Amino acid sequence: MGSDGPVWESKTYQKKLLIPGTNKRKFFGVLEKPNLPPSVPNVTYKIFLCGKTASGKTWTMNCLSGQEVPSQHVETIGVQCSHVFWPMKIGSRLILFRLELWDAGEASTRQYSHILPACREGVDAVLVCCSASDREGWLDMPRAVAEATQPADRAAVAVILTRWDQFSKREVTEAEVEAFEKSRGVPVVRLGGTASDPAQEMPHIAPTLNFLCRRLWQRDQELLSIK
Amino acid sequence: MAACTLVGLAASSGVPLFVRHAGPGKPPAYALIGSLNGVHVFGESHGVTLCSTRTKNASFTWRTYHDSIRLVLIRGSEVVADSCDSRLLDLMFASLVLLLGLDNLTSGTNIERLKRDIRPSYLLLDKLLSRAVNSSDNLGFSHLTGCAECVIPPDQHILQSELEKYAEGVDSSCACVMMNGQVVSGTRSFWSLSHMELVLLPLLVATNTFTVARDLPIYLPDKSPNVPFRMLVVKLTGHVYAITLCGPTPTLTEIIRLASSSWAPVYQVLESITTLLPWNIAPGLLSQIDHSVIGLLLVNYDHKKCVSCVHLSEESRSPPLNTAKKSAALEAVYRSVIGPLLQPPAVPPDDFPSRLHPDHVPLESYVSTDSYKVYVMQSSPYHLLILYPPALPIQIARKVTLRTLAIFTKGSMKICRH
């Protein structure tokens, strides 16, 4: 991350995501955004979280947006969309990323035909979620990744392995993940657990957000150069 | 805090569909659930419908819906099962209909599939259960009153006209603005929803606060139990949401865009509503309320609205009650007085007139305990419950209650205005 200029500057701005005087993240409505200098450019990306039931899609969404994670699994109803703001330095420029995370419940997707197209429309990246305790899900991953995007989308793809912290239940080995990354060229993000100290919530998730934003930025550059 | 458990069974086969539990302790064992259903079936085979019963440490309520789903509510000892419990079960069944549709729910030929389909409803069922056990993070009275929980904003006109413009723009007649699960403003068609729908829709919106937009396929339990609608929820600011009931269009992306453009000019108005938290009542009205009032609940049954406030400070010498205790006190009095004694004007309980002399209709009542006094007043279509410190003489409590009712019902800022 050292190549991206002074990290501390991004960090100062990342404090703007918090409710002043606390370590909790602020809730932003669609009319709001973090209080950054107007000169900072904003970029918006749509990210679709897909994966089997209980693979941790909503969990990932909560984790990235810094919300409390519900202790029990409850199936998502319909489509939900969450905005994650992330100020970050790319090169020497500070950019405010707005990641629009889209997630749909399995039952609703099956029952209603408008759900999936709504999530896929104009998507910039697809995150395929899979639980690290689900061996079958992992074995099925090459197919899931292939089906995740349509060539016309040119969407970036990454795999999110949730429950990575639960060592005793883990059904996927580190070596397998590395082999997968190498053979498929698809990055795998290992997520699991939440920071034990609420003050560490943002530093805990920062590497993942940095990674996603950088990936999306690179994709933009590639798409521009193709044109 | 008493424990509360809800059991859902397939009425014909007795197969348990789900068990939800709130409060301390564990949910009942499988065998016990079987016997609970067994007793009911035994009664049925003898031409008797078992409605409720009470043991040494729990009370039970049974209800069977459309001969297909049976719900059993098990409560800890503190509260006696009453008409409120069967209304709660009605709400719970309605929340199943809300997400599944009546036909899908009751024509269940495949039990395993039904079990799976019911799972998304757990959110709402749990919310209702935590209301039932009076959990402090989920206060409210809508499940008791059958009316939508509201706030009274200082100036409703701007918001109302913006809402109507927005609803028109997204081609929907049924729209409302909500803050923290309470309705701030609604269109005419929104207020024509049934009591149960007005209780459940805000609860469903409040189940999820971290997302900025949601597209929820729902059925309306009374108005449209078999044809689904899309409930589109957009978070405008940290606490304020715009909700519309739509058909196939617009898409969620479009509605986010439309909401951003149409509400941006009134951002300041939306922000100013947030200052009503946690009192729910406009400062102009709040300042007129007597200092002896430490909590209140006002219900307008005609307009299906209720407003509550448990954040009023008390200056008496008695030990102060916290908000959860105030809520619990108001709830306990509501359960014991309204229904058995005072008749809710819009929803008369089935058993009402039989117990009282027809010429003698009570209009006021009070409950006095060591830690609080509650004065209850009925003035059609209102019910007003006011919580006072225990030391306040009852005749003063009565006078203050009368005056408070006048503050809310007369003048320019009536709760009844749409």
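Residues numbered from 1 in each chain as written. Chains lettered and ligands numbered in written order. Predicted model: local features only at pLDDT ≥ 70, side-chain atom pairs only at ≥ 80, totals over all residues.

Draft legend 1. Region of interest: the overall build of chain A. Of regular secondary structure, chain A possesses eight helices and six strands. When the helices and strands of chain A are placed in sequence order, the string is α-β-α-β-β-α-α-β-α-α-β-α-β-α. For chain A, whose C-alpha radius of gyration is 17 Å, the value lies close to the compact-globule estimate of 17 Å for 227 residues. With respect to the three principal axes, the spread of C-alpha positions in chain A is 45 × 45 × 40 Å. (Helix = DSSP H or I, 4+ residues; strand = E, 2+ residues; numbered from the N terminus. Rg over C-alpha atoms; globule rule 2.2 N^0.38 Å.)

Draft legend 2. Quick peek at the overall build of chain B. A tally of helices and strands in chain B yields 15 helices and 16 strands. For chain B, whose C-alpha radius of gyration is 22 Å, the value lies close to the compact-globule estimate of 22 Å for 418 residues. In terms of overall dimensions, chain B has C-alpha extents of about 60 × 55 × 40 Å along its principal axes. Sequence separation of 24 or more characterises 62% of the internal contacts of chain B that already satisfy a separation of 6 or more. (Contact = placed C-beta atoms within 7 Å.)

Draft legend 3. View of the interface of chain B and chain A. Counting from both sides, the interface comprises 31 residues of chain B and, opposite them, 25 residues of chain A. Mapped by element, the contributors of at least two residues to the side of chain B that touches chain A are helix H5 (122-132), strand E9 (213-220), strand E10 (224-235) and helix H10 (252-263) of chain B. Of the residues forming the side of chain B that touches chain A, the biggest block, six residues, is contributed by H10(B). Residue classes in the side of chain B that touches chain A are distributed as 19 nonpolar, seven polar and five charged. Pairing of strand E2 (residues 79-90) of chain A with E9(B), which is carried by three bridges, proceeds in the antiparallel orientation. In the sheet register, Val79(A) faces E9(B), and the bridge partner there is Asp215(B). (Nonpolar A, V, L, I, M, F, W, Y, C, P; charged D, E, K, R; others polar. Pairing = 2+ DSSP bridges.)

Draft legend 4. Summary view of the packing of helix H2 (residues 83-100) of chain B against H5(B). Residues and elements named next belong to chain B. Two elements in contact, H2 and H5, have axes whose closest approach is 9 Å; the angle formed by their N-to-C orientations is 165 degrees. In terms of axis orientation, H2 runs roughly antiparallel to H5. Handedness of the H2/H5 crossing: right-handed. Contacts between H2 and H5 involve Leu88, Leu91, Met92 and Ser95 from the first element and Leu124, Leu125, Leu128 and Ala132 from the second. Among the residues making up the contact of H2 with H5, the classes are represented as seven nonpolar, one polar and no charged. (Axes fitted to C-alpha atoms, helices over the stretch in contact; angles between N-to-C directions. Parallel < 35°, antiparallel > 145°, perpendicular 65-115°, else oblique. Left-handed = near helix turned anticlockwise from the far one by under 90°.)

Draft legend 5. Spotlight on the domain arrangement of chain B. All names here are of chain B. Split by domain assignment, chain B resolves into domain 1 (4-138), domain 2 (155-274) and domain 3 (283-349 + 358-409). Computed from C-alpha coordinates alone, the two centres of domain 1 and domain 3 are separated by 31 Å. Facing the five residues of domain 1 at the interface are seven residues of domain 3. Tallied by class, the residues present in the side of domain 1 that touches domain 3 amount to one nonpolar, three polar and one charged. (Domains from an automatic or database assignment.)

Draft legend 6. Broad picture of helix H7 (residues 156-169) of chain B. All names here are of chain B. In this model H7 runs 20 Å from its N-terminal to its C-terminal C-alpha over 14 residues, within 8% of the 20 Å that 1.5 Å per residue would give. Along H7, the residues classified as buried are Leu163, Tyr166 and Ala167. End-on view of H7: buried residues confined to an arc of 100 degrees, all on one side of the axis. Every exposed residue of H7 that faces more than 90 degrees away from the buried side is listed here: His157, Ser161 and Lys165. Against strand E7 (174-179), strand E8 (182-186), strand E11 (240-246) and H10 lie the buried residues of H7. Residue aspartate 171 follows H7 closely and has a positive phi angle near 60 degrees. (Expected span 1.5 Å × (residues − 1). Buried ≥ 20, exposed ≤ 12 C-beta atoms within 10 Å, placed from the backbone. Arc of directions from axis to C-beta.)

Draft legend 7. Main features of the sheet that holds strand E13 (residues 305-309) of chain B. Residue and element names in this part refer to chain B. Taken in spatial order, the six strands line up as E6-E13-E12-E16-E15-E14 in an open sheet, and their pairing is mixed. This sheet does not close on itself; its edge strands, each paired only once, are strand E6 (148-149) and strand E14 (364-368). Pairing between E14 and strand E15 (residues 373-379): five bridges, direction antiparallel. Pairing of serine 365 across the sheet is with valine 376, part of E15. Against the sheet, helix H13 (residues 323-337) engages strand E12 (295-300), E14, E15 and strand E16 (382-388), with an angle of about 135 degrees to E16.

Draft legend 8. Inspection of the packing of H2(B) against helix H9 (residues 195-206) of chain B at higher detail. All names here are of chain B. Between H2 and H9, the least distance of the axes is 10 Å, while the angle of their chain directions is 70 degrees. With respect to H9, the axis of H2 lies roughly perpendicular. Crossing handedness for the pair H2 and H9: right-handed. Residues Asp90, Leu91, Ala94, Ser95 and Leu98 of H2 touch H9, and the partners they reach there are Met196, Val199 and Leu200.

Draft legend 9. Highlighting the environment of Gln80(A). Note on placement: Gln80(A) falls in strand E2. The sequence separation of Gln80(A) and Ala104(A) amounts to 24 residues, and the corresponding C-alpha distance is 6.2 Å. Setting aside residues up to four positions removed in sequence, Gln80(A) forms contacts with Asp103(A), Asn208(B), Thr211(B) and Arg214(B).

Draft legend 10. Quick look at the sheet that holds E9(B). On the basis of which strands lie adjacent, the open sheet formed by eleven strands has the order E6(A)-E5(A)-E4(A)-E1(A)-E3(A)-E2(A)-E9(B)-E10(B)-E11(B)-E7(B)-E8(B) and mixed pairing. The outermost strands of the open sheet, each flanked by one partner alone, are strand E6 (188-190) of chain A together with E8 of chain B. Within the sheet, the average angular offset between the axes of one strand and its neighbour, ignoring direction, is 25 degrees. Across eight bridges, the pairing between strand E1 (residues 42-51) of chain A and strand E3 (residues 93-104) of chain A is parallel. Along E3(A), the bridge assignment pairs Thr44(A) with Arg98(A). Packing against the sheet, helix H2 (residues 57-65) of chain A makes contact with E1, E2, E3, strand E4 (125-131) and strand E5 (156-162) of chain A, and its axis sits at approximately 155 degrees to E3(A).

Draft legend 11. A look at the nonpolar core. Core analysis: the biggest nonpolar cluster contains 183 residues, and Ala125(A), Val128(A), Leu200(B), Val234(B), Leu236(B), Val374(B) and Leu385(B) have the highest contact counts within it. Ranked by the residues each element gives to this core, the list is headed by H2(B), at twelve residues. With sequence-adjacent residues up to four places away left out, Leu200(B) is seen in contact with Leu91(B), Ala94(B), Ser95(B), Leu98(B) and Leu124(B). (Core = buried A, V, L, I, M, F, W, Y, C linked by C-beta atoms within 7 Å.)

Draft legend 12. Structural detail: unusual backbone geometry. Residues and elements named next belong to chain B. Cis geometry is found at the peptide bond from threonine 249 to proline 250, where omega equals -5 degrees. In this structure, proline 250 sits in the loop between E11 and H10. With omega at 0 degrees, the peptide bond leading from leucine 277 into proline 278 counts as cis. Here proline 278 shows up in the loop between helix H11 (267-274) and helix H12 (283-286). Phi angles above zero are rare outside glycine, and aspartate 67 is one such case at about 55 degrees.

Draft legend 13. Quick look at the environment of Gly105(A). Positionally, Gly105(A) belongs in the loop between E3 and helix H3 (106-111). The class for Gly105(A) is buried, based on 23 C-beta atoms found within 10 Å.

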